[in-house]
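# Descriptive structure summary
Here's the letter readout for the chains.
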Amino acid sequence: MFLIYCPYCKATREEEEFHNAGEAFIARPADPEAASDEEWGDYLFMRKNPKGWHWEQWQHAAGCGRVFAVKRHTLSYRIAGSWTLAAGKALFLQEGGV
Amino acid sequence: MANRYSFWSLLRHGLKHHQSWQPAWKSPRPKDRYDVIIVGGGGHGLAAAYYLAREHGVKNIAVLEKGWLGSGNSARNTTIIRSNYLWDESAFLFEHSLKLWEGLSQDLNFNVLFSQRGVMNVGHTLQDMRDIERRVNANLLNGVDAVILTPRQIKERVPLIDIGPGARYPVMGASFQPRGGVARHDAVVWGFARAASDLGVDLIEQCEVHDFIVENGCIKGVNTSQGPILAERVGCSASGHNSVLAATAGIRLPLESHPLQALVSESLKPALDTVVMSNAVHAYISQSDKGEFVIGAGIDGYVGYGQRGSPHVIEHTLSAIVEMFPTLSRVRMNRQWGGIVDVTPDANPIIGKTRVKGLYFNCGWGTGGFKATPGAGHLFAHTIAHDAPHPINAPFSIERFLTGRLVDEHGASAVAH
Amino acid sequence: MSDALFQPYARSPLDPLDLAGQAVRPSPENGAWANEVRLLAYLTLRGDSADPAYARAVRTVCGLSLPDAGRYVSGVAGVLLWRSPNECLLLTSRRQAASLRVALVEAFAGLLAEVVDQSGGLTTVYLAGAEQVTVLRHMGGYDFGSLEPGQAIATVFGKTAAVVMRADAHGVHLIVRRSFAAYLWALLARSARPYAFTVGRLPAAGTDPVLCLQEGATVLDRQDRVAV
Amino acid sequence: MSGYRVSRPSQRIDRDQTVRFRFNGRDYSGFAGDTLASALIANGVTLLGRSFKYGRPRGIVGAGPEEPNALVQLEDGARTVPDVKATQIELYPGLSARSCSGWPSLALDLKSLLGRCGRFMPPGFYYKTFMAPVRAWPVYEKIIRKAAGFGTAPTANDPDFYDHLHHHVDVLVVGGGACGLWAALLAGRAGLKTLLVDDQNEAGGWLLSEASARIDGLAAIDWVASRRAELDALPNVAVLTRTTAFAHHDLNLVQAVERLQDHLPAEARRADQPRERLHRIRAGHVILAAGAIERPLVFGNNDLPGVLTAAAAQTYLNRYGVVVGRTILLLTHNDAAYDTARDLALAGSRVTVIDVRQRGAAPARHAAVIAAGATVLTGFGIAEVRGGNRVRAARLVRLDPLSLKATGKGPVLNADCVLSSGGLTATVHLYCHNGGRPLWDEERLSFVAPAGGRDDMCCVGAVAGYWGLGEALRQTHETLGAWLAARGLGAAGQAPQADDIPAAPTRRVFRIPDGRRPGAGAKAFVDFQNDVTAADIHIAVLENYRSVEHVKRYTALGFGTDQGKLSNINGFAIAAEALGKPIASVGTTTYRPAYTPVSFGALAGPHARETFDPERHTAMHARHVAAGAAFERVGQWMRPHYFPRPGEDLHAAVARECLAARQGVAVMDATTLGKIDVKGPDAREFLNRVYSNAWSKLEPGKCRYGLMLDENGMVMDDGVTACLADDHFHMTTTTGGAARVLSWLERWHQTEWPDLKVFFTSTTDHWCTTAVVGPKSRDVLMRLCSDIDFAMDAFKFMDWRDGTVAGLPARVFRISFSGEVAYEINVEASYGDYVWQSVLAAGKDFGITPYGTESMHVLRAEKGFIIVGQDSDGSMTPFDLGMAWAVGMKKPFSFLGRRSLTRSDTVRDDRKQLVGLLTDDPAAVLTEGAQLLSSPQVTIPADMRGHVTSSYFSAYLGRSIALAVVKGGAASGGETVYAWSGGQVTAARIVSSVFVDPQGERQHV
Ligand SMILES: Cc1cc2nc3c(=O)[nH]c(=O)nc-3n(C[C@H](O)[C@H](O)[C@H](O)COP(=O)(O)OP(=O)(O)OC[C@H]3O[C@@H](n4cnc5c(N)ncnc54)[C@H](O)[C@@H]3O)c2cc1C
Ligand SMILES: NC(=O)c1ccc[n+]([C@@H]2O[C@H](COP(=O)([O-])OP(=O)(O)OC[C@H]3O[C@@H](n4cnc5c(N)ncnc54)[C@H](O)[C@@H]3O)[C@@H](O)[C@H]2O)c1
Ligand SMILES: Cc1cc2nc3c(=O)[nH]c(=O)nc-3n(C[C@H](O)[C@H](O)[C@H](O)COP(=O)(O)O)c2cc1C
Ligand SMILES: [Zn+2]
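The following refers to the structure shown. (Residues numbered from 1 in each chain as written. Chains lettered and ligands numbered in written order. Predicted model: local features only at pLDDT ≥ 70, side-chain atom pairs only at ≥ 80, totals over all residues. Heavy atoms only, no water.)

## A short note on the overall build of chain A
Check the secondary structure of chain A and you find two helices and six strands. Secondary structure elements in chain A, listed N-terminal to C-terminal, are β-β-β-α-β-β-β-α. Within chain A, the proportion of its 98 residues that are buried is 57%. Sequence separation of 24 or more characterises 51% of the internal contacts of chain A that already satisfy a separation of 6 or more. Counting every atom, chain A has about 3900 Å² of accessible surface; 54% of that belongs to carbon and sulfur. For chain A, the separation between the mean place of its 11 positive charges and that of its 13 negative charges on side chains is 9 Å. (Helix = DSSP H or I, 4+ residues; strand = E, 2+ residues; numbered from the N terminus. Buried < 20%, exposed > 50% of the residue type's maximum accessible area, 1.4 Å probe, protein only. Contact = heavy atoms within 4.5 Å. Areas by Shrake-Rupley, 256 points an atom, 1.4 Å probe, with all protein chains shown as cover. Lys, Arg positive; Asp, Glu negative; His and termini not counted. Charge placed at Lys NZ, Arg CZ, Asp CG, Glu CD.)

The structure is reproduced here in structure tokens:
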């Protein structure tokens, strides 16, 4: 069971306080109507689902309610850190994330 | 079959102190090239190879397995088999499989201990009961056996269950599929392995596929921990790991791989004669022929390839079990474990072609693919052999996620296993 | 019918349990005891805590600075708890609630801020006794032993969540939603069973910033306290 | 075996306290401090069970959690516990237990007859037969099932309770043997918050069995007592005995179960204490000091009652004062077992040590056993034990000094007990639970936890392979010392001193050869509980089950309730031999929780019965109960389903309630709807994005129905939202959807549109809502409220007003889920009870009638209003539901789900669409969930057009009505379809889904 650091509560708490909210930084197409069925389907359903480091969102459901970014290894379950979505995204892009 | 199993063969070998048994399957060295490679030596992959050889006359087939045969979810599931799915497409798919189960032991000459003891889905709210009515009627009209049970009838079949009004979620009724049941999971793997091997399929264990060799949009083979192996067609049936493999060919899949946990109690005298599932309370339980209660937990919410989940999930599951079966609280958990299930957004699988010619995927079985083992293998074999889906699996293409034609089993019958 | 005919009465969420009727004066044998702090007023303040104008408005009306994450501040207006970067919860007395609310709404005019009355939606349970921390440790996984006066955190308790704030060494307050209060109470009573749990009469308010918000709260009487 | 009690010092039993107990229907006595196993042995009881597959007689083998055979059913009735190991049951007065196997009786077991044919039941037996005829399998299966299983599941509700306790500690020490005690002390002395758990009833571990050990000049037992006293005195240290750490999870979360009551006599068990407590321990660092367990050697008939491990015999002797036999053969490949031989000989048994080593033990140990009166035979093994239901003799075999082959026959020696020592197996489980792999140590012949531990764990003592007490303590001391020093926590001082007697090398043997052809000799068991023999493992490998996991699964090795504590290493070694591979490369199977079995009750803990799941009540709940309401569960809420009067059933009550709503006035508790306060300059824009319909023009004082789609375009929730001010809205959601919708809004806001200035605050619990419905509702409201103008034009349908109701500030919404004039009064929930009462009082003269969810459903169905989740199922778009009017396709922002509505599948016109159905027979009420067919003739598989989603008898219309979804239904008005339910076919016509007042005039008066 994970211990997750909430960057808003500035505290490390038990996994049970959180909800996993899926892969992070999936951008909604800026103009959905212009997206092809394929692009739209990709946005809606296709996921990276990596075996390795994964940027994901967690919501501190029983705490402050905030959604934030966590970089977690999906095999070792190690957590590299938690960031606000904005800070996390910057780091994610810096790592070459797409 | 060279090495037929029967009561008489047991006698015969017994007289020789069992020193004369043949290997159940052969373990050859991989060849350089095959007509068809199946990635993943779970029940599905082995069944696909078996049916490819048996029904489609493909001669030169290999199954590549990164660990030991059946080391994935085939070894880890709660073995519930049923076909009482809501939507026509899924009902046909799972019923196709159930029919194959019904002759499987004889077909494979391997007793997979398929036990048609019935599967019960218990309802606790008025909406549960509406959903049960809807599903049972749809089942019957699709040729799938189903009945609705009253709480009394439930109690008769499952004396341990609490149907009293004092429960937090009292039992209001259930749907029941008499032909549903359980089977011995490992035996299914071994039975298919043995039968496939007997038909000349090469089963290669300890052979991890690293990536696909694709040229000009066509599959050429795979790179493995035992070197490159070429093939004209490759079928991927690597439950849990399909996204990882697909990514190596630049294919994105609508999958998330989650830990799913299960547990068994110590072995006890027969006390539960059917499979009982409750969606509202979140409990799934049966008793194996060996006597242990086999209990399935809920899915862990995060992506995880660790074959383990979080303990509070097990605790919640057992609280649900104790809620439905208050007498079991002194029974003890002997062992718990986890598998990796790849889940699609509509809780139905993908069996079909990809945009790489000659590369096929059978994936997304999520929490419920054990019951599909023979059926999925059969249909996957057809799809690979014809480079086109069978009518039964045609609705289960990847395209449905682009057109929106989902077959959403979450809807009215969000029963997981 | 005219308004004069009406005699409104308020019911707190745990009234159906008749805690008042069961309450005794806890003795040192009671390792844990609890009761509901009935009918406080609760105002949710929304606003970005990084916005100085918002902070100023709160300070002007309540006399309180915005609390840091996981903490609370208290004063005459009541207790202001941090809930998230843009949410605080003000516990106050019913007496002051209406005027505070009006004043806050006025002070928030033109700001990205709002006041939401939650008085019907929340209640507070006071838990005390030598085993209070043990009881909390039975109920949830947060490190309650480390929770110090001045802290207020939200965490899970079984299948609900609640805010826990420690006023002083004597006891903690659990702030919970109305419709989950009975569940939380049942979980608490069950968890505290091994420690001779009892429904206790609430002590005089003393310096406890929540207890003193009750109607007719009195000042500390040392005798009323159970040694911790 | 003919065990008996001796009097020896330093035993852990209290001879002054005789304890009477019952086993298999007979009365016995033992002493306080005994286990059931030690007391039974002392009473000469040898036969405890029958084996799983062959029904072979079985007795006690071990002395602790490793016991595979002696499973008993403890107590009867509600407090019965199946499958408990007799070796782990502390004796208490009045204890009653029985064997879990043997049918019809333990002595005369039918299965054992079958077992004689064990020769024809190799591994995989079940997979190879029972296949024909197909139809006979259920019969075979019944018999197979009957023969399986040990204890019986309780059939009465558990009278006890369980709880959980969370810990946050710096250091958790697992195991309270010499090494664990010392580690805890060092951590404790360094000021760390330390918790030590040990699964036995007292600390000391192996030292409790080792009479002669001395540490720092003290008898071991005294050393334990003083260390324990020192630990107890440290305020930062806690010690829990009878507490088994059974699982280790990520980030050092350890689950441990403490047994608080089962060792007490019934009358001493306390109702205010839990039976068991699950500790969830988050530790900064775990110190694993779980020790080791001795395993037996594998030889013919090594499962006969009277064959035990040497360590178990030593424990019985030194800890409980029980001698396991009078004439004992002790088979060993190591020196340590000589201590057992010595102790037993000194206690008066005739002991023959059979040492498989050519040279035997080191001189000191050899001399000690000889001095004690034992005999030593070296270079021999045991080929097979002889006896019926118990050991009578054993046939020895001479072993080749080098090759480990049988080179000749040995003598047959009489004995009533055979002990064997196959070396120690380190208890590495907790090291491995989250993926750690143990190391094979060829010198110690065991998989061990690495002495270096890992980041978050130290492994000390026997678990790391330090078998000698002196070296174990030294290693513990050094490991802890280094660990503390690395944290700046100072030097640890002196290690405790204990002498390790020099030992001769162990001989590497697991299976004693019997000189027979493979498979031909007596069965030599590896896993007792699952009847797995050495030959079985060979056969599995022969059949190509070559992975150790295949061996496990094909033979059931290690599958039992002991999880292979005695059998795994022997099994792996035999498999390795069959495979011709080193053990290290064969590896182990996967270690998984639980280390020892844990009750479901303890795992469920407090989340059972009244605290299984919150039951949410509205503020008026007590009134509904008093009014005799029947309740419906909706999500976690309890809602009145209907309010029967005496003699009324559901239908009668609902008919009355509905008519009241249509003709007079009725009242409903609508509190459970979710409510969200939405405020901010961008609130309106936000609503535009999350609802399918338009919000730009909704003015303050007005309400609007909204439809929320998921991004896939399917309806996920609905509700009425009121505009409070230009930047302020009061949103409502479905009862079940409240939490989901709030989190949906928050996620979109936080992740995608953080720039929108808006707050969402749940107010579900704050407001309580009373719906007053019907032509007379206005009259009732006017009695309660004088500051709102209820005139038709002043307060229109879909308006809301602030005002004072019954003297309280209230928000009154004029909205209607029934098609009648209706008002929803929202007041602070604290006044909910009062307002409900006030409404009833004010409506009394009008015959106001409370109604529940069932009438609500009928009233809304008469109007064709959907219930999300009943008429829709996550696969319906607004168009499917005939709600195109609620989709603002022209809105500038592409609202959630919009794009999905134009995919090829979502624009099909043969999708299922919502329609109304009228049966030809007005009295026939369709079954909700009936499937719809185009023709009354059914061919299977049938072409289903859709299904009935809602169906009622409408008292108002005097006939039945139904809603359904039908493929292409929107264009099929007038068509007859056939509703099929359980074989019953009912014809019905597709009609508009609005049955009452299609023009909507009634709500506008
Ligand atoms: C706890 C649990 C309970 C379940 N309960 C049920 C149930 O009651 N009923 C039901 O119907 N279903 C159930 N399921 C689901 C079911 O187990 C699976 O859907 C089914 O077993 C999938 O079979 P498979 O053959 O596709 O997968 P697997 O058996 O997982 O086979 C896939 C194989 O691919 C191999 N592989 C992966 N990557 C590679 C690679 N790169 N190279 C080579 N090989 C690779 C894996 O090692 C594995 O052996 C449950 C699952 C779990 C985890
Ligand atoms: N001859 C034997 O059979 C034998 C067995 C064990 C230890 N020893 C010797 O005893 C000396 C002391 O060794 P030690 O302290 O490392 O081990 P130990 O066996 O004395 O102590 C280990 C303790 O840990 C407990 N334990 C094991 N798993 C547990 C779990 N999951 N939860 C709670 N408690 C658990 C055991 O009950 C035992 O009390 C060493 O010299 C060792 O070699 C000998
Ligand atoms: C249906 C079923 C029944 C099982 N019964 C037992 C059992 O009786 N005893 C046992 O130790 N394990 C049992 N297991 C669990 C396996 O030992 C093992 O944990 C599981 O196959 C996962 O593999 P792993 O733990 O090696 O990763 C069972 C598994 C399944 C799927
Ligand atoms: Zn937080």
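## Observations regarding the site of ligand 3
Around ligand 3, the structure places 18 residues, and the nearest of them are Ala75 and Arg335 of chain B together with Arg553, Gln563 and Arg592 of chain D. With respect to ligand 3, the chains having nearby residues are chains B and D. Lys290 of chain B places a polar side-chain atom, nitrogen or oxygen, 3.2 Å from an oxygen atom of ligand 3. At a separation of 2.6 Å, an oxygen atom of ligand 3 approaches a polar side-chain atom of Gln563 of chain D. Out of a free accessible area of 610 Å², ligand 3 has 97% covered by protein chains. Looking at the shell around ligand 3 element by element, the count peaks at three residues for helix H13 (residues 548-555) of chain D. A breakdown of the residues in the shell around ligand 3 according to their chemical character gives five nonpolar, five polar and eight charged. (Near = heavy atom within 4 Å. Polar contact = N/O pair within 3.5 Å; in protein donor to acceptor, adjacent residues only side chain to side chain. Nonpolar A, V, L, I, M, F, W, Y, C, P; charged D, E, K, R; others polar.)

## So, the coordination of the zinc ion (ligand 4)
All names here are of chain A. Protein-derived ligands of the zinc ion (ligand 4) are Cys6 (SG), Cys9 (SG), His60 (ND1) and Cys64 (SG), with the metal-ligand distances lying across 2.0 to 2.4 Å. Note that the zinc ion (ligand 4) binds four donor atoms; their angles at the metal cover 103 to 118°, and the shape is tetrahedral. Taken in sequence order, the residues that donate to the zinc ion (ligand 4) follow the motif C-x2-C-x50-H-x3-C. Here the residue Cys9 occupies a position in the loop between strand S1 (3-6) and strand S2 (11-14), and His60 occupies one in the loop between strand S4 (53-59) and strand S5 (67-73), the gap between them amounting to 51 residues. Per residue, the accessibility class of Cys9 equals that of His60, and both read buried. (Donors = N, O, S within 2.8 Å, 3.2 Å for Na, K, Ca; no water. Tetrahedral: all angles 85-135°; square planar, octahedral: opposite > 155°, others 65-115°.)

## Some thoughts on the packing of helix H2 (residues 43-55) of chain B against helix H7 (residues 185-198) of chain B
Residue and element names in this part refer to chain B. The geometry of H2 relative to H7 is characterised by a closest axis approach of 9 Å and an angle of 30° between their N-to-C directions. On the basis of their axis angle, the class for H2 and H7 is roughly parallel. Crossing hand, H2 versus H7: left-handed. Contact residues: H2 offers Gly43, Leu46, Ala47, Tyr50 and Tyr51, while H7 offers Val189, Phe192, Ala193, Ala195 and Ala196. Within the contact of H2 with H7, the residues separate by chemical class into nine nonpolar, one polar and no charged. (Axes fitted to C-alpha atoms, helices over the stretch in contact; angles between N-to-C directions. Parallel < 35°, antiparallel > 145°, perpendicular 65-115°, else oblique. Left-handed = near helix turned anticlockwise from the far one by under 90°.)

## Thoughts on the side chain of His312 of chain B
Relative to the assigned elements, His312 of chain B resides in helix H9 (residues 311-324). Residue classification places His312 of chain B among the buried residues on the basis of a relative accessible area of 11%. When residues no more than four places from it in sequence are discounted, the contact partners of His312 of chain B are Met1, Glu15 and Glu16 of chain A together with Arg280 of chain D.

## Brief notes about the site of ligand 1
All names here are of chain B. The environment of ligand 1 is made up of 39 residues, and the closest members are Glu65, Asn73, Ser74, Thr78 and Lys371. Thr78 is positioned such that a nitrogen or oxygen atom in its side chain is 2.6 Å from an oxygen atom of ligand 1. When residues of the shell around ligand 1 are traced back to their parent elements, those giving at least two are H2, strand S12 (256-267) and strand S16 (332-343). The greatest single-element share of the shell around ligand 1, amounting to three residues, is contributed by S12. Split by residue class, the shell around ligand 1 holds 12 nonpolar, 22 polar and five charged. Here the shell around ligand 1 spans two domains, and each of domain 1 (27-77 + 185-254 + 346-403) and domain 2 (119-178 + 256-343) adds at least three residues to it. (Domains from an automatic or database assignment.)

## As for the interface of chain D and chain B
Taken together, the 123 residues of chain D in the interface contact 105 residues of chain B. For the pair chain D and chain B, the two sides together bury roughly 9900 Å², of which 54% comes from carbon and sulfur. The three residues of chain D that bury the most area against chain B are Tyr127, Arg145 and Phe600 of chain D, which together make up 9% of that side's buried surface. If you look at where chain D meets chain B, you find 11 salt bridges. (Buried area = accessible area lost by both parts, 1.4 Å probe. Salt bridge = Lys/Arg side-chain N within 4 Å of Asp/Glu carboxyl O.)

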